[in-house]
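So the chains spell out like this:
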Amino acid sequence: MIHGLRLTIHDKRNITHIMRTNYCWLLLLLIGASAKSQQLTVEKIMRDPKWIGTSPSNVTWSYDSKTVFFDWNPDKNESDSTYAYNLQTKKIEKSPYKNVRLQQAIRNGSYSRTYNQLVYAYNGDIFLLDLKTNNTTRLTRTEEAESNPRFIRNDEWIVYLRGQNLFGWNVKNGSTEQLTNFTRTGDAAPAPAATGFRGGGRTQGTTTATGNQQEQWLQKEQLRLSEVLKSRKNKKDARDAFLKTQKETDTLKTIAIGEKVLTSVQANPTGRYITYRLFTPATSNKNTIVPDYVTESGFTTDIPGRTKVGEIQGKYEAFVFDTEKDTVVTIAVDSLPGILDQPDYVKDYPKKNENKKQASRGVVIGGIYWNESGAAAIVDIRSQDNKDRWIMQLNPATGKLTLVDRQRDEAWIGGPGVGFGARIGWINDNAIYFQSEATGYSHLYTYALNTGTKTDLTKGNYEVQDVVLNRAKQSFYLLTNEDHPGKQNWYKIKTDGTGKEKITAMTGGYDVALSPDEKTIAYRYSYINKPWELFVQENAQGKTAVQVTDKAASDTFKMYPWRETNIFTIKARDGKDIYARIYEPAAGKKNGAAVIFVHGAGYLQNVHYWWSQYFREYMFNNLLADKGYTVLDVDYRASSGYGRDWRTGIYRFMGGKDLDDEVDAAQYLVKEKGVDAARIGMYGGSYGGFMTLMALFTQPDVFKAGAALRPVTDWAHYNHGYTSNILNEPFNDSIAYAKSSPINFAGGLKNHLLICHGMVDTNVNFQDAVRLNQKLIELGKDNWEMAVYPVEDHGFVEPSSWTDEYKRILKLFDTYLQK
């Protein structure tokens, strides 16, 4: 009834028809809106990454194993905050900033031998935490900062650094004593000796005349002219002479270090020996300068840069201070086994090296590790050319070294747990553990000092990627990829190599944090198309993981069906398996063109079952596949995760076997996926940008178009640490640099090239792009363009820069690869 009128049957039918029609239109609109929301654009995927969701990071534990801390941003604030997950209440709460800083300090502290006390540095002072009572005692309150505290002498003393010197605090009586007296010159006043910690000592150093000849003459003239001044000087000299006869002999030994850099000052567990390292920097090296054009001041400023490969390396030394004998001995590295050995590549330069006198190579002393009793120490040493690693036993009384294990690699020493930051330590007073690539893969070994027996605890064609020795020193926890190069899992194994158990079970990648009581693990876990989330699990086989966070993927992100890329292998021309992942278009959308994405860093893995650090590229590759492109991503020679031979496959020739792998991948696309051989493109950043240049310059018949992002164009202009490992030094191995630098092959450019580079790149300097730009101009090439980004460093930050860059890449491929 409407306004008193009765609707007829005809009216009701008309209304029903209208309602149904409107419903259908509404349904079509909703379907259209849904389809549109699933449509990817460069603008969408290159927005501030907060649109994707928020993943936890920096997962750590509280000292009592009751709380998991992690950084997170569920509210999409400007930056992440620290959150705490309570294992008992199962609640997540934001942690106050002061508490975060305190927890960080405690986590970086040191436990007593019995694990009932923990000492830590906070706000520049030292604190002692009783883990049974949770009571905290403040040990220092000074203006000068203290750091690096730890227990020694059966937990009766706590030693820590104040400035550059070591101090000791007596746990029983609370007294503090200075243990070292490092000075910049040899004539500094001696410090009072420690009385309870060590015996008396002698001071070392001599006084020197001050002033020049003119000043000395003026002083004599003044004394000649003034009887008062002469009388005062005589009295002062007499007093000084008297005091000298009464001088206390119980003083700390002064150790003059001059202008050298002092590092790694530590006392052994007995307190008798104090080891330290000195570094003498090279002073004649020249650093690069990075101009910053877009600044708040409106003026161009210079950002200090790095040196270039081949610059003079500084000198490293290590010493032992015997507090009982009051002597300092040098840790002798001149007799290391093979210290005179030259690398094999010198054979390519017979004239240059025929009369060259063999000299000891420079070394870097990476760390000195004492056993629990303090009776023995091992020293981890690398040659500066990184061809050798020596693990040596130290005689602290003499500084002499005895070989435990020598690792020699004619390419360069590396691999998980083997490079700098290596996993090495003591199982007990007689046995150590370490990692080595002796079999071609990084595995875990033990070595018994009393018998000289080396034992491999793990073996096989996989890598041990992380190692944690448990508190009882009866077992190791390992992260390995033994199931598949692209799958990780957490294991437990006894220190004799038996009883191995697999603790995690999900397919993907893990970033594991072990609780202090070792009963629980908290870890970030992700899968190919699922970003990182936080889980907790009992640290034992067969236990169920509990998911803590669920904000890594937003509702908007979930609306698109992100590809679970197929991971498989392609046969290389030398018979090796190249691991690859493929993004394929939907049925009927294939356009016959293909794009190969090349990951950066060289030594990095991107074909795996976890969420890629190249998440923008992952999304862009999905976009390309939606447009009909077949996209391939391979772990070429030099990628991580596949052992020593794969890691070093680019030695002395970047753009050799690694580029061969990409060419073989392109041929696979043509033969197996029906891709048009004349429509294959490539893009990548950093090392991937370098590879793109080498592809377009040396393989123009394979690649039709390429986008080189922040590329190295000439390896002689990159840094020393990375480049010298792979190509040696330019003045010693010019052949390697000539073969590996794209700028030498720029004349081979036939197809279409886009170069993108940030102008304040402090890693691969913008100069690289500019020099190649000039080379291409001189060669008369007109099939290239360059986009520059004035406010961007090596890793772009601004969404506008990412968007501009990838719109250009997409335009390049659409223009030259589409029919």
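Note that this is a predicted model, so its numbers are computed, not measured. (Residues numbered from 1 in each chain as written. Predicted model: local features only at pLDDT ≥ 70, side-chain atom pairs only at ≥ 80, totals over all residues. Heavy atoms only, no water.)

Draft legend 1. Representation of the overall build of the protein chain. Helix and strand content of the protein chain: 15 helices and 44 strands. Expressed as lengths along the three principal axes of its C-alpha atoms, the size of the protein chain is roughly 130 × 75 × 65 Å. The proportion of buried residues among the 819 residues of the protein chain is 51%. Across the protein chain, every contact between residues at least 6 apart in sequence was considered, and the portion connecting residues at least 24 apart equals 57%. (Helix = DSSP H or I, 4+ residues; strand = E, 2+ residues; numbered from the N terminus. Buried < 20%, exposed > 50% of the residue type's maximum accessible area, 1.4 Å probe, protein only. Contact = heavy atoms within 4.5 Å.)

Draft legend 2. Geometry of the sheet that holds strand β6 (residues 117–122). The strand order across the open sheet formed by four strands is β5-β6-β7-β8, and the pairing between neighbours is antiparallel. Whereas interior strands pair on both sides, the edge strands pair on one side only; in this sheet they are β5 (110–111) and β8 (136–138). Where strand β7 (residues 125–130) lies against β8, three bridges are found, and the strand directions are antiparallel. Counterpart to Leu129 in the pairing with β8 is Thr136. (Pairing = 2+ DSSP bridges.)

Draft legend 3. Main features of the pattern of salt bridges. Across all of its chains, the model carries 46 salt bridges by this definition. Measuring nitrogen to oxygen at the nearest pair gives 3.4 Å for the salt bridge that ties Glu584 to Lys673. Taken as a pair, Glu584 in the loop between β38 (577–583) and β39 (594–598) and Lys673 in helix α10 (residues 657–673) lie far apart in primary sequence, 89 residues in all. A salt bridge links Arg644 to Asp645; the nearest nitrogen and oxygen atoms lie 3.1 Å apart. (Salt bridge = Lys/Arg side-chain N within 4 Å of Asp/Glu carboxyl O.)

Draft legend 4. Main features of a nonpolar patch on the surface. On the surface, a cluster of nonpolar side chains totalling about 290 Å² of accessible area is made up of Tyr293, Val294 and Val791. Tracing the backbone through its elements, the reader meets Val294 in the loop between β17 (289–292) and β18 (301–304). (Patch = residues over 30% accessible without salt bridge, like charges linked within 9 Å, V, L, I, M, F, W, Y side chains within 5 Å. Areas by Shrake-Rupley, 256 points an atom, 1.4 Å probe, with all protein chains shown as cover.)

Draft legend 5. Summary view of the sheet that holds strand β29 (residues 464–469). Pairing is antiparallel in the open sheet, where four strands are placed in the order β29-β30-β31-β32. Taken across any chain shown, the strands that pair with only one partner, and hence form the sheet edges, are β29 and β32 (501–502). Pairing of strand β30 (residues 475–484) with strand β31 (residues 487–494), which is carried by seven bridges, proceeds in the antiparallel orientation. Its bridge partner being in β31, Phe476 is matched across the sheet by Ile493.

Draft legend 6. Molecular detail of the packing of helix α8 (residues 615–626) against helix α15 (residues 799–816). Two elements in contact, α8 and α15, have axes whose closest approach is 12 Å; the angle formed by their N-to-C orientations is 35°. The chirality of how α8 crosses α15 is right-handed. On α15, the residues that touch Arg616, Glu617, Phe620, Leu623 and Leu624 of α8 are Trp802, Tyr806, Ile809, Leu810 and Phe813. Residue composition of the contact of α8 with α15, grouped by class: eight nonpolar, no polar and two charged. (Axes fitted to C-alpha atoms, helices over the stretch in contact; angles between N-to-C directions. Left-handed = near helix turned anticlockwise from the far one by under 90°. Nonpolar A, V, L, I, M, F, W, Y, C, P; charged D, E, K, R; others polar.)

Draft legend 7. Inspection of the packing of aromatic side chains at higher detail. All chains considered together, the criterion is met by 45 aromatic pairs. Measuring from centroid to centroid gives 5.4 Å for Tyr510 and Tyr525, while their planes differ by 50°, and the two rings are tilted. Here the residue Tyr510 occupies a position in strand β33 (residues 509–514), and Tyr525 occupies one in strand β34 (residues 520–527), the gap between them amounting to 15 residues. Of the two residues, Tyr510 and Tyr525, both sit in the buried class. Each member of the aromatic cluster is reached from another via a ring pair, and the members are Phe597, Tyr614, Phe620, Tyr683, Tyr789, Phe796, Trp802, Tyr806 and Phe813. Of note, Arg162 hangs over the ring of Phe167, and the distance from its end group to the ring centre comes to 4.6 Å. (Phe/Tyr/Trp six-rings, centres within 6.5 Å; stacked < 30°, edge-to-face > 60°. Lys NZ or Arg CZ within 6 Å of the ring centre and 35° of its normal.)

Draft legend 8. Expanded view of the nonpolar core. Membership of the largest hydrophobic core comes to 76 residues, with the highest contact counts inside it found for Ile596, Leu632, Phe703, Trp715 and Leu753. Looking at this core element by element, the count peaks at eight residues for helix α11 (residues 687–698). Every residue in contact with Leu632, bar those within four places of it in the chain, is listed here: Phe568, Ile570, Ala580, Arg581, Ile582, Val595, Ile596, Phe597, Ala665 and Leu669. Formed by 43 residues, the second largest nonpolar core is a distinct cluster that contains Trp51, Ala593, Tyr618 and Leu812. (Core = buried A, V, L, I, M, F, W, Y, C linked by side-chain atoms within 4.5 Å.)

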